[in-house]
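Summary of the model geometry
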Amino acid sequence: MFEVDWKTPHLWRKTTVARKTSPALTGDIETEVLVVGGGFTGLASALGARDSGAGVVLLEGNEIGSAASGRNNGLVISHHSKASPSELEKAYGKIHGDRFNTLVAGAADVAFGLMQRFGINAHQVQQGWIQPAHTEATHARARQFHDEWRAFGAHVSWFDRDEVSRRVGSRYLGGWMVHNSGHINPFAMTVGLADAIEREGVHIFENTRCLRLEKAERGWRVYTAAGSVTAREVVLATNALTDDLWPGLKRTLIPMKVFQAATEPLADDIKAQILVGNPAVSDMHNDLRYFHYDCDGRLVSGATHTFWHDEDRRGRAKVARMLAGTFKPLGGEPRITEYWSGTFAVVPNLKPHLYRLAPGLVFGGLYSGRGVALSMALGQEMGRWATGRRTDADMPLPVTSMQPIAFHPVAVQVANRMHAWNRMKDRRA
Ligand SMILES: Cc1cc2nc3c(=O)[nH]c(=O)nc-3n(C[C@H](O)[C@H](O)[C@H](O)COP(=O)(O)OP(=O)(O)OC[C@H]3O[C@@H](n4cnc5c(N)ncnc54)[C@H](O)[C@@H]3O)c2cc1C
C-alpha cells in the first residue's frame with residue numbers, strides 16, 4: 001500500500017532541470033559522519049555536519065528526492081500543524097518548548113535562506129502562508145494561533161472575513177497569515193540542495209541502500225550491497241521508509257500515503273481572483289485542504305484515499321470536485337492534468353522526535369506531514385549534534401530512546417483510514 005512509483009516523473013520532477021545522479025557506493029570507505037537518507041532531513045544533516053568541519057558521506061537508497069521530500073505539496077510553513085506555542089511549551093517544558101518554538105518560527109527562513117545561500121532555483125515564493133477558518137470553532141483556534149505567535153514575536157497578521165475571503169478567493173470567516181512562509185517546487189529543492197552540499201565536500205552515493213549496521217572499534221560499520229562505510233557517528237534520516245536497519249525503529253512511526261494533484265495552468269483572469277498575491281494556503285478542515293500555484297500557474301492540491309484502487313482517476317475526480325466547491329471563480333470543475341502520490345511518517349503526538357539509539361548512532365525527523373521547513377532546520381541541528389557541536393542537552397527537542405507505537409500494525413491501518421472519520425466530522429461541523 002505504501003509503495004510509490006518513484007521513477008515515473010511527476011509534476012515537480014517534470015518542471016525541474018535534471019541532476020546528474022551520484023554514483024552508487026562500491027568498496028569500503030571511512031568517514032567521520034555518515035548520514036543515511038537523502039531527503040531534506042538527511043541533506044540538511046549532512047550540511048550541518050560539513051559546516052562544522054567534519055568529513056561527511058551520505059547514502060541514499062533510491063535517488064535524491066525520490067521520497068517525501070521530492071514529492072510533497074511544497075508548502076513551507078513556520079507553524080506547527082496542530083499545536084500553539086503555549087501548548088508546545090506545556091508538552092516540552094519551558095526550556096525545550098522555547099527552543100522548539102524558536103526553531104518552528106524560524107524554519108521557513110532557514111529553508112528560504114538555504115536557497116539564497118546556494119543560489120538554488122526551487123521556484124520559491126515567500127509571500128506568506130494563510131490559514132483561513134470556516135467555522136466558529138476553527139475561527140477561535142486560528143485567532144489563538146495568531147495571538148500566541150504574535151506574542152512570541154513572529155511576523156503574523158490577522159484578516160477579517162472580507163479580507164481573508166478576498167485573498168483566498170473563497171468564503172471563510174477569518175484567518176491569519178505567517179509572513180515568512182510560502183511555497184516551493186520540493187523536488188527542485190532536494191536536487192539543488194544535494195548539488196550544493198556536494199560542492200561543499202559531502203560525498204553522496206545514490207542507489208545505495210544501507211542493509212546492515214555493525215558496531216566497529218571506533219563507531220559503526222554500515223554495509224551496502226557492494227561496499228561499506230565505517231564512521232565515527234551515524235545519523236539515520238530515513239523517515240517513512242525506515243526499514244529493519246535498526247531493530248524496532250520502524251515501529252516508532254506510521255507511514256501515511258497521500259496523493260497530490262494539479263490543474264492545467266489557469267487563465268490570468270481566474271488567477272487574479274484565487275490566492276491573490278500568490279500565498280500558500282491550508283485551511284482548517286479535519287480533512288485538510290491546501291493549495292498554491294506552481295511556477296506555471298497550475299493550482300496544486302491533494303488529499304488521500306481510504307482504498308487505493310483506481311487511485312489516479314478517483315484522485316483527479318476528487319480534487320476537481322473539491323476545487324470547484326472551494327473556488328467559485330473556477331466556474332466548475334477544473335481539468336486535472338497531474339496526479340502522483342507519496343508517503344510521509346506520522347506519530348501519535350504529531351511532534352518530531354530525536355532518538356539516541358546507541359552511542360554514535362542517532363535518528364531524527366517524523367514531522368507528521370509538516371516537515372518541509374522543519375526538516376531543513378532540525379536536520380542542520382542534527383548534523384551539528386553528530387559532530388559534537390551540540391550535546392543531547394543542547395538540542396531543540398528532548399533526546400529520547402525509541403518510542404514504539406502500541407499495536408503498531410493496527411495503528412497503521414487506523415491512521416490510514418482516519419480521514420474518512422475526519423470528513424464525517426467536517427460534514428457535521
Ligand atoms: C504527498 C506529500 C505531501 C506533503 N506536503 C507537505 C507540505 O506541503 N508541507 C510540509 O511541510 N510537509 C509536507 N509533507 C511532509 C514532508 O514532505 C516530509 O515531512 C519531509 O519531506 C520529510 O523529509 P525526510 O528527509 O525526513 O524524509 P524523506 O524525504 O522521506 O527521505 C528519507 C530518505 O531515506 C531513504 N532511506 C530509507 N531507508 C534507507 C536505507 N536503509 N538506506 C538508504 N536510504 C534509505 C529513502 O529512500 C528516502 O529518500 C508532505 C509529504 C507527502 C508525502
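Up top is the structure these notes are about.
All right, on to the nonpolar core then. A general trend in soluble globular proteins is that nonpolar side chains are found buried together. Judged by nonpolar contacts, the single largest core of 121 residues is most densely connected at L34, A107, A111, V235 and A373. Per-element accounting of this core gives the leading share, 11 residues, to helix 5 (residues 94-118).

What follows is about the site of the ligand. Among the 44 residues in the neighbourhood of the ligand, the closest are listed as G37, G39, N72, G342 and G371. Here the shell around the ligand is composed, by residue class, of 17 nonpolar, 22 polar and five charged.

Here strand 2 (residues 56-59) shows a buried face lined by V56 and L58 and a second buried face lined by V57 and L59. Relative to strand 2, strand 1 (residues 27-36) runs parallel, the two being bridged by four bridges. Bridging from a neighbouring strand, L34 pairs with V57 of strand 2. Assessed by its sense of winding, the connection that carries the chain from strand 1 through helix 2 (residues 40-51) to strand 2 is right-handed. Both strand 2 and strand 8 (residues 203-205) contribute to a ladder of three bridges, which runs parallel. When the sheet's bridge partners are listed, V57 is paired in strand 8 with H203.

This part is about the packing of helix 4 (residues 85-92) against helix 5. Relative to each other, helix 4 and helix 5 sit at 140°, their axes nearing to 7 Å. What the angle tells us is that helix 4 and helix 5 run oblique. In the crossing of helix 4 with helix 5, the sense of the turn from one axis to the other is right-handed. Residues P85, L88, E89 and Y92 of helix 4 form the contact with helix 5, whose participating residues are K94, H96, G97, D98, F100 and N101.

Okay, the sheet that holds strand 12 (residues 254-263) next. The mixed open sheet is built from eight strands, whose spatial order is 5-6-4-13-14-15-12-16. Unpaired on one side and paired on the other, strand 5 (156-159) and strand 16 (336-346) mark the two borders of the sheet. Shown here is a sheet whose adjacent strand axes are inclined to one another by a mean of 20°, direction ignored. In the sheet, strand 4 (residues 129-133) pairs with strand 13 (residues 280-282) via two bridges, with the strands oriented parallel. By the bridge assignment, I130 is partnered in strand 13 with V281. Along the sheet face, helix 7 (residues 161-168) touches strand 4, strand 5, strand 6 (174-178) and strand 13 and points at about 125° away from the line of strand 4. On top of the sheet, helix 12 (residues 408-415) reaches strand 12 and strand 16; it is set at about 20° to strand 12, its chief contact.

Contact pair helix 2 / helix 11 (residues 372-386): the axes reach a minimum separation of 6 Å and the direction vectors enclose 40°. Compared by their axis directions, helix 2 and helix 11 come out oblique. Here helix 2 and helix 11 pass one another in a crossing that is right-handed. Residues F40, T41, L43, A44, S45, A46, L47, G48 and A49 of helix 2 touch helix 11, and the partners they reach there are V372, S375, M376, L378, G379, Q380, E381, M382, G383, R384 and A386.

Further remarks concern helix 2. Its 12 residues give helix 2 an end-to-end C-alpha distance of 16 Å, which sits within 8% of 16 Å, the value for a rise of 1.5 Å per residue. With 11 of 12 residues buried, helix 2 is to be regarded as a mostly interior element. Within the sequence span of helix 2, burial applies to F40, T41, G42, L43, A44, S45, A46, L47, G48, A49 and R50. Just downstream of helix 2, G53 is the residue with a positive phi angle, here 100°.

Parameters and conventions
- Residues numbered from 1 in each chain as written.
- Predicted model: local features only at pLDDT ≥ 70, side-chain atom pairs only at ≥ 80, totals over all residues.
- Core = buried A, V, L, I, M, F, W, Y, C linked by C-beta atoms within 7 Å.
- Buried ≥ 20, exposed ≤ 12 C-beta atoms within 10 Å, placed from the backbone.
- Helix = DSSP H or I, 4+ residues; strand = E, 2+ residues; numbered from the N terminus.
- Near = placed C-beta within 6 Å.
- Nonpolar A, V, L, I, M, F, W, Y, C, P; charged D, E, K, R; others polar.
- Pairing = 2+ DSSP bridges.
- Right-handed = clockwise from strand over helix to strand, strands pointing away.
- Axes fitted to C-alpha atoms, helices over the stretch in contact; angles between N-to-C directions.
- Parallel < 35°, antiparallel > 145°, perpendicular 65-115°, else oblique.
- Left-handed = near helix turned anticlockwise from the far one by under 90°.
- Contact = placed C-beta atoms within 7 Å.
- Expected span 1.5 Å × (residues − 1).

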